[in-house]
Structure formats: structure tokens, C-alpha cells
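Letter by letter, the chains look like this.
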Amino acid sequence: MKAIRRFTVHPVLPDPLQPLSDLARNLRWSWHTETRELFQAVDPEIRPTAECDPVRLLGAVSAGRLAELARDEPFLLRLAEASAELRDYLDGPRWYQEQLAQGAELPAAIAYFSPEFGVTAALPQYSGGLGILAGDHLKAASDLGVPLVAVGLLYRHGYFRQTLSRDGWQQEHYPVLDPNELPLTLMREADGTPSQVVLALPGGRALHAHIWQARVGRVPLLMLDSDVEENAPGEREVTDRLYGGGSEHRLLQEMLLGIGGVRAVRAYCHRTGHPAPEVFHTNEGHAGFLGLERIRELSGTGLDFDSAVESVRAGTVFTTHTPVPAGIDRFDRELVARYFGDDGELPGVGVERILQLGMETFPGGEPELFNMAVMGLRLAQRANGVSTLHGAVSREMFAGLWPGFDAAEVPITSVTNGVHAPTWVAPEILRLRNRYGAVPGRWDSAVDVPDRELWDLRRALRGQLVTEVRARLHASWRTRGAEAAELGWIDSVLDPDVLTIGFARRVPSYKRLTLMLRDRDRLRDLLLHPTRPIQIVVAGKAHPADDSGKRLVRELVRFSDDPRVRHRIVFLPDYGMAMAQKLYPGCDVWLNNPLRPLEACGTSGMKAALNGCLNLSVLDGWWDEWFEPDFGWAIPTADGLAVDEDRRDDLEAGALYELIEDRIAPRFYDRGDEGLPERWIEMVRRTLSTLGPKVLADRMVSEYVERLYAPAAAAQRAMDPGTARRLADWKARVRAGWPRVAVDHVEAVETGTPGGSAELGSTLLLRVRIALGVLEPDEVEVQAVAGRVDTADGISDAQVFPLKPVGGQDLEGRWLYEGPLTLDRTGPYGYTVRVLPAHPLLTTGAELGLVALPTESVGEGSGNAAPLMR
């Protein structure tokens, strides 16, 4: 029989056990080993059925067991210690407070928006790397004491659960999540009624949402839930699934996240007294509408639209995570116009002005599409990619927004992602580090660990993975329809003494799940090598609408089903955080073979490295930045060659096989007198001690604070209403007058070498005549840009030399600028001259996307001038 109504009955804890409730409701238990072990002691027999969630565990434990624990003095002592330690963690000063005490000017608070958060498997609100990164960002911010308020959506079905059909085709399942059974608390008003945010929709409809709160250590995570009685059926389903539905559904989700999210933050700060955020950080473009809500708020204070835009931009940080245009949400302009029209959201804010913020009105764009990343960039004064290489890719991808500038000058910087070590490092490795004198923030204690101890630990972790894989494989085959009697072979799957390679991630085509299958005979030979075998554990989910990705999954599954190799290669369905936390420590090598440069960062390899797993990867994402032979191997790529996609895959697969066969497997199996692979162990040690500190989320978040949040807060504080109006008026005047700005004449005279030849170390004196129209000299910057030139006269490795005004205007109204240009390199060399807008509140001269360059007909002086190039 099926229940006609579902609800949750909460346990009544005896008074001595009341601190268990606080410990269970704060998600710090998900990365705090001692707290997890405390809950494991509550009732070890039911622990496996509670899906690692203390809230569900406490709901399942018997009243008799609770009464027994209430009299258990050793347990109560552990509980008191854990409770006191949590209070100290939540209330005591940490890195951020120390910076403030030392005089640093930092934001009072930061609002951090993301469409997904991967904090713990017990709160399944993530699909992949973006959500896991967001979860790690919150945890590291908590550890550092950064006053973050996080905002997301509460998806009642989360992301899908994955199983396989008998023939290996991906199946999706969407379990119903009851927030009352999750580690969440409903935010309520003073009178006890649920707090709500409301969005106006066309046709007089409304979208209501409740606000659920998760505590991620010190960080509140606010999650908006549209499945409430006040909504009509269509609106109740807005927060049904992560990345589900069509364009209109996604637009509503993103309106709720951005606009509703700002309102939720305001409500939270009002209810709790939390400082109002000075900085708003949007993690990918999905939350970009937050800028529109902030413009609406400011419009209510009397600021016009353009002035409000300047104020919003000052305090906004935008992070892009995608290296491909297909990864960006884009909506038809008419759909956006309908939802922001007269009877929709943001009344009083002109819909055409809203559309201008997101339309692809740049060379190569589609003018009828509203691009969420474009809006995010236009409404954020500071933007970044998530690795050095991805920053360069992003500058290329969005260069159309800054016409006239080389991609290198597009104002998108980078902060390389990091991962939260307490979440992803096996407790056994943490304990080993602690035995050898590890201190917080230091990873070099691995240097002192004896070879034997380090190797024995790596084998033990490999053995744990073997046990985990067999259990998951058995469950998967039962789901696929196999009888238990058919599955005896699973008991011999994998071997704790065999070189183990891991590959687990989402399955878009560019990540090339099946590259390892390009030459199946060669792969079989590697798997079944008589003295140096390898074994491979693979996991991954294809998007429910991506049939090509599902075909890749089936191809891999069918190969791994082959009785000849199924003890050496396995595919595990339903990849998620719980599985990943076993995979990373148990693998010896972490494989990553995307099409370069389409990997934004690739943090799974970072998590593996923190566990002493060596990386085998294409030089993409973070690996391009930090690869050293001590840490693993770089797969050679053919991305610079004129070959088709199939040929490229063949070449790179061949390189992968050669690395495994000739370098990786021999090093793993090359044993010294004591039976230890000494060179391999040294690579593990170097990975733990030298690479480890670089990939930490603490490093990432502190970089965000110092390089982006603090400057954004300072800019926001400086942007009072009067300043915002003056800046908006100045920009309007500069844009209107820019067509009359021109470089009229350039001449260069060599001053350093007798005879006038251009030699290394000599100096050119540049003299330039500039027309400024209605602008004044202090409103522009005139620069010489010089460097090596290629055969097409393009300047590379450019240096910028400012030129200064000399005297006033001439009779024709031109201004004379001059300055020295030192020739500091040999070979083909060139320069150009340009004019940029200049204002103290601009972060870069490229901010407005305006530049005046010489035309081909600009006159040049003949005094031994170098050629004018651009």
C-alpha cells in the first residue's frame, strides 16, 4: 500500500544528548573526522543505512539506544568535547579576523551565489565540478572565518541517480527529497511563519519560495524552494530538478536564484543581524540576474539606471567556469522581454535596458540571444577564470565585448581552483601526517614519512577501494537484472597489489571517456600484462538529454563487461561525492584526457594528489599550470597540429598507451632490495609535500579575498550615489565623444645611437599628435605599445609605455604627446600608439571597450623612425 501523506517524525533526544542535534545540523561533521566518528558510535549497526547523514541516523536510532547513550559516561565525555570544539570553531577568531586585526580593509560580508552546491552526499544538490567547487569554497571560507552568505536553490529531486540497463545504457532516476529529512532548517519570521520571497510573473501570477538554511560550519547556505502551497502547479515545479526542463523553466530557475536570492539574503540579514554583503560573487552566469535586483533596489533610492549599474558593478565579482560557448545559458530575447515586461519582474526598470545588458551585440554574437555570461561580465567590474590557462581561454572567448583590444588585455583574470583537504583526504593520510608533526596549513610533513610506512598505507587504501568497488559492482549488476548466483566472479575483481588508474567525471564529449578504448587490443595487453598489469576504475554521468554521452558510457560499460578483462576494468554507476571519497585515496594514478584547452580546471586531479595519487593528464586546466615530472606525467597532445578529430584522438591515445607501458607501469613495479618502488614512493612524497599546498581551497579563497573581494568592497564603499552619478555621466560623455578621438600623427626619432641605427639599448623619442574632441587630456591615457612582431606585423609579448602631454593645444586643436621607447630586445620589432579612456574608478583602461588607434594613413616622421605597427 502507498501512503496518502508523508511527514517526518523527529526524535526526542534525552537532555544529556541534546548537543547531538547541534552537531548533526551543522554540516561541519562532513569534513570533521572526530564528529563523524562520534556519530558512528551512536549506533554502528544502522550507520550504513543512514547514508552518512547524522540527521537521518538520529531519526532511525531506537529510544532504547538513546537512553543507553544518555548513561554512557565515556560517550557523553566525547560528546561534550565535540560540542565545545564546535563552539570554539564557530565563534573564535580565524585567519580573516586576524587580517582585520592587522588593519586589512576587508568586506563586512560577501554573498556567494551558485546554482549548485556539493557540500556532502547527504545534501544532494550538485551535478559535478561546479557544485563541488562551490561546496569546497564554502568550507574553506568557514575554516578561514570569511563572512560568506551562500545562496542556491533547493531541488526537490536533486540531480538524477544513475543506474545501468542490462546492455549498459544509462538510466536516470529522480528520488523525491523531503527537506525535513535533510540537514536543513526552515527560515521563519518572528511570528513563526515561514519566510518567503515572491517574484512577479506575467499575467498576474507570482512565484513564491521558502528559504531553507544549511549551516556549513560558519557559513549559512540559503536555499530557495518553490514547492510551496502558495504556488500554482507550474510554479511549484520551478525548483524540481537541477539543470532540468526547457528554456522557460531554466529562465525561471535563474530568476529565482538571482533576484529571489538577493531578497533571501536581505531577509536573512534582517532576521539575524548578519552584516549586509558589500560584495556579490556570482559563480557562473546562472545567478546573473542578481545584478538586476540590486539595480531595482538602487532605483528605489533615486538613482537612475546607468548610475545604479555603476554602483552594482563596483561590488560584483563574476567567475566563469566554462571554456566553451555551449556551456553558457542563452535565452531568446522575446522570452526575457516577456518576463521583465510591464506586468513581470522589476517594474520601473526598462526592459530594453535589461536586454542591452545581455544581448550578444558584438562581432560574432547572435543579436537576438540573451547571454547570461555576457550579462554577468557587463555587471561585474571584476571577473576571473578558474585556472591560468582558462583565464587565457576566457579572454579569447569573450574578447568581442572589448573590441579593439588584444585578447591578452581583456579584463578577465584568473584564480586557480582549489579543493578542501579535510573533505577529500583520507583520514588515514591525515593521521599519518599528524604522526610526523604536521601543523595546520603545512603539508611538508610527508617528507619525513619512511618509505615502508608510506607504501603500506598506499596499499591499504588500494585494498579499501577494491572492497568498495566489489560491493558497488555487485549492487550495480543486481540492478541490471543479474542473479546473485551469476556474480561469483566479482569476488576476484581488482587486486590490491596491481597498479590502479582512476577516471571519474561528467561525460561530455570533450572529456573523452572512451579515449582509452581507441586501440582495444593494446588496452587489453596493458590490463593483462603478465608482470606489470594495470587495473582501471571508471565512473561518470552523462547529462540526461545527452544521448551521445550515454553512448560513450555504454561503449565503456560493454568493454568492461567482457569476461576477459572484467576483473581488471570496471565502470561504477552513480558517481557522486561518497564514491569519490573512496576513489581518490585508493588509486595510484588519476587519468584526465580532455581535448585541450577545453578543461577549465579539473579539480578531481587535485583531490587525488592530496591523497598521494599521481596525475596522468593532458596539459590542461590546473595541470598545465603546476605540472612537474615529480608529480606525474603529461600526455602529449596534437592540438597544435593540422589533423582531424579522429587522427588527433589516435595520436593522443597512442601517447597515453606508451606512457603507461614504458614509464608508469615499469616505475610502479620496479622494486628495490626491500621490495619497495623507491622512485614511485618519492613521487608520492613530492606530490603530498610540494603539490599539496598549491591545490588547497584555503589558498584559493584567500586569493579571492585579497585580489577580488577586498578591492570590490573598497570600490563599493567609494561608489556613493553622487560618485555613481558622476561616473555614469562621465562614461556617457566619453562614449558620445569617442568618435572624435583620433591619432593624427606619429613620429619617432632615435636618440641613443650615433648614425641613427636601431640597436639594442637605444631609445626612440615618440611624438604623437592626438585629437580629443570634447575630452580633456586628463580623461585619456596615450600609450605606446611595443614588442616583437610576426610576419603579419602583429605585436606579441607587448610592453606598454605611457606618453605624456607636452604643452597645450595647437592651432588645429590637437594635443602633442611624447615619451621614450627603449629598444630592449633584438629581432623584428614594432610599435603602435593608442588612446584609452582614463578615470580613477576604472580598474583597467580596457573597461569601457573604447580605444583609438592610428589609421593606415597616419603620417610618420622620417627621423630614423621604426615602422608603425598594429
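Computed from a predicted model, the values in this text were never measured in an experiment.

1. Structural notes on the overall build of the protein
Next, step 1: Per the secondary structure count, the protein includes 27 helices and 27 strands.
Next, step 2: Here the protein has a C-alpha radius of gyration of 30 Å; the compact-globule value for 870 residues is 29 Å, and the two agree.
Next, step 3: Over its C-alpha atoms, taken along the principal directions, the protein stretches across nearly 95 × 75 × 50 Å.
Next, step 4: Relative to its 870 residues, the protein shows a buried fraction of 57%.
Next, step 5: Considering only contacts in the protein between residues 6 or more positions apart, those separated by 24 or more positions represent 72%.
Next, step 6: For the protein, the computed accessible surface area is about 34,600 Å², with 50% contributed by carbon and sulfur atoms.
Next, step 7: Averaged over its 95 positive side-chain charges, the protein has a centre that lies 3 Å from the centre of its 121 negative ones.

2. A look at the side chain of Arg512
Next, step 1: With respect to the secondary-structure elements, Arg512 resides in the loop between strand S15 (499-504) and helix H19 (520-527).
Next, step 2: Within the structure, Arg512 has its side chain in polar contact with the side chain of Asp649 (distance 2.7 Å).
Next, step 3: Those residues in contact with Arg512, other than ones at most four positions away along the chain, are Phe503, Asn593, Pro594, Leu595, Val618, Asp649 and Glu652.

3. Notes on a nonpolar patch on the surface
Next, step 1: Judged by side-chain polarity, Leu641, Val643 and Leu651 come together as a nonpolar surface patch covering roughly 220 Å² of accessible area.
Next, step 2: Of note, Val643 is situated in the loop between strand S20 (632-635) and helix H24 (645-669).
Next, step 3: Using a relative accessible area of 32% as the deciding quantity, one classes Val643 as partly exposed.

4. Some thoughts on the sheet that holds strand S17 (residues 569-572)
Next, step 1: The strand order across the open sheet built from six strands is S17-S16-S15-S18-S19-S20, with neighbouring strands paired in parallel fashion. With one partner strand each, in any of the chains shown, S17 and S20 form the two edges of the open sheet. The mean inter-strand angle of the sheet, taken between neighbouring strand axes irrespective of direction, is 20°.
Next, step 2: The pairing of strand S19 (residues 614-618) with S20 spans four bridges and is parallel. Among the inter-strand pairings, Ser617 is bridged to a residue of S20, identified as Ala634.

5. What about helix H5 (residues 73-91)?
Every α-helix carries 3.6 residues per turn, so stepping three or four residues along brings you back to the same face.
Next, step 1: The terminal C-alpha atoms of H5, which comprises 19 residues, lie 27 Å apart, in line with the 27 Å expected from a rise of 1.5 Å per residue.
Next, step 2: Residues of H5 that are buried include every one of Phe75, Leu76, Leu79, Ala82, Ser83, Leu86 and Tyr89, and no others. Here the buried residues of H5 occupy an arc of 150° about the axis, which is enough to place them on one side. Exposed positions of H5 whose direction lies more than 90 degrees from the buried face are Glu73, Pro74, Leu77, Asp88 and Asp91.

6. Some points on the confidence of the model for the protein
Next, step 1: For the protein, the mean per-residue pLDDT works out to 92, and 94% of the residues sit at or above 70.
Next, step 2: Below pLDDT 50 for its whole length, residues 861-870 participates in 37 contacts with residues either more than four positions away or in separate chains.

7. What to know about the nonpolar core
Next, step 1: In terms of nonpolar packing, the biggest core is built from 102 residues, with Met516, Leu616 and Trp680 touching the most fellow members.
Next, step 2: Not counting residues within four places of it along the chain, the set of residues in contact with Leu616 comprises Val589, Trp590, Leu591, Asn592, Trp633, Ile635, Leu656, Leu659, Ile660 and Ile664.
Next, step 3: Listed in part, the 59 residues of the second largest apolar core include Leu199, Ala209, Ala287 and Val336.

8. A look at the pattern of salt bridges
Next, step 1: For the structure on display, the rule yields 63 salt bridges.
Next, step 2: Residue Asp227 pairs with Arg156 through a salt bridge whose shortest N-O separation is 3.3 Å. Pair noted here: Asp227 is in the loop between strand S8 (219-225) and helix H8 (233-236) and Arg156 is in the loop between strand S2 (148-153) and strand S3 (161-164), with a separation of 71 residues, a long-range link.
Next, step 3: On the accessibility criterion, Asp227 (25% relative accessible area) is partly exposed.
Next, step 4: Residue classification places Arg156 among the buried positions, given a relative accessible area of 17%.
Next, step 5: Sharing partners across several salt bridges, the network here consists of Arg156, Asp225, Asp227 and Arg236.

What counts as what
Residue positions are counted from 1 within each chain, in the order its sequence is given. For this predicted model, a pLDDT threshold of at least 70 governs which residues receive local features, and a threshold of 80 or more governs which side-chain atom pairs are given and counted, while totals over whole chains, interfaces and linings are taken from all residues. Hydrogen atoms and water are omitted, and side-chain values are computed over all heavy atoms in the structure. What counts as a helix is a DSSP run of H or I of at least four residues, what counts as a strand is a run of E of at least two, and both are numbered from the N terminus. The size measure is the radius of gyration over C-alpha atoms, and the globule rule it meets is 2.2 Å times the number of residues to the 0.38 power. Remark: exposure states derive from per-residue accessible area (1.4 Å probe, protein chains only) relative to the maximum for the residue type, with buried under 20%, exposed over 50%, and partly exposed in between. Throughout, a contact is declared for two residues whenever any of their heavy atoms are within 4.5 Å. Areas reported as accessible are Shrake-Rupley estimates using a 1.4 Å probe. Residue values count occlusion only from the protein chains shown. As used throughout, the charge tally considers Lys and Arg to be positive and Asp and Glu to be negative, leaving His and the chain termini uncounted. Throughout, a charge is located at the NZ atom of Lys, the CZ atom of Arg, the CG atom of Asp or the CD atom of Glu. Pairs of N or O atoms are called polar contacts if they sit within 3.5 Å, as long as, within protein, a hydrogen donor faces a hydrogen acceptor (for residues adjacent in sequence, only side-chain-to-side-chain pairs). Patch membership is restricted to residues that have no salt bridge and whose relative accessible area is over 30%. Joining uses 9 Å for like charges and 5 Å for the nonpolar side chains Val, Leu, Ile, Met, Phe, Trp and Tyr. Put simply, a salt bridge is a Lys or Arg side-chain nitrogen that is within 4 Å of an Asp or Glu carboxyl oxygen. Here, a strand pair is defined by DSSP locating no fewer than two bridges between the strands. Only C-alpha atoms enter the line fits that serve as axes; for helices the fit covers just the stretch in contact. Angles between N-to-C directions range over 0 to 180 degrees. Expected helix span is given by 1.5 Å per residue-to-residue step, counting one fewer step than there are residues. To obtain the arc, one takes the directions from the helix axis to the C-beta atoms. A score from 0 to 100, pLDDT tells how confident the predictor is in each residue. Definition of nonpolar core: a set of buried residues of the types Ala, Val, Leu, Ile, Met, Phe, Trp, Tyr and Cys, connected through side-chain atoms within 4.5 Å.

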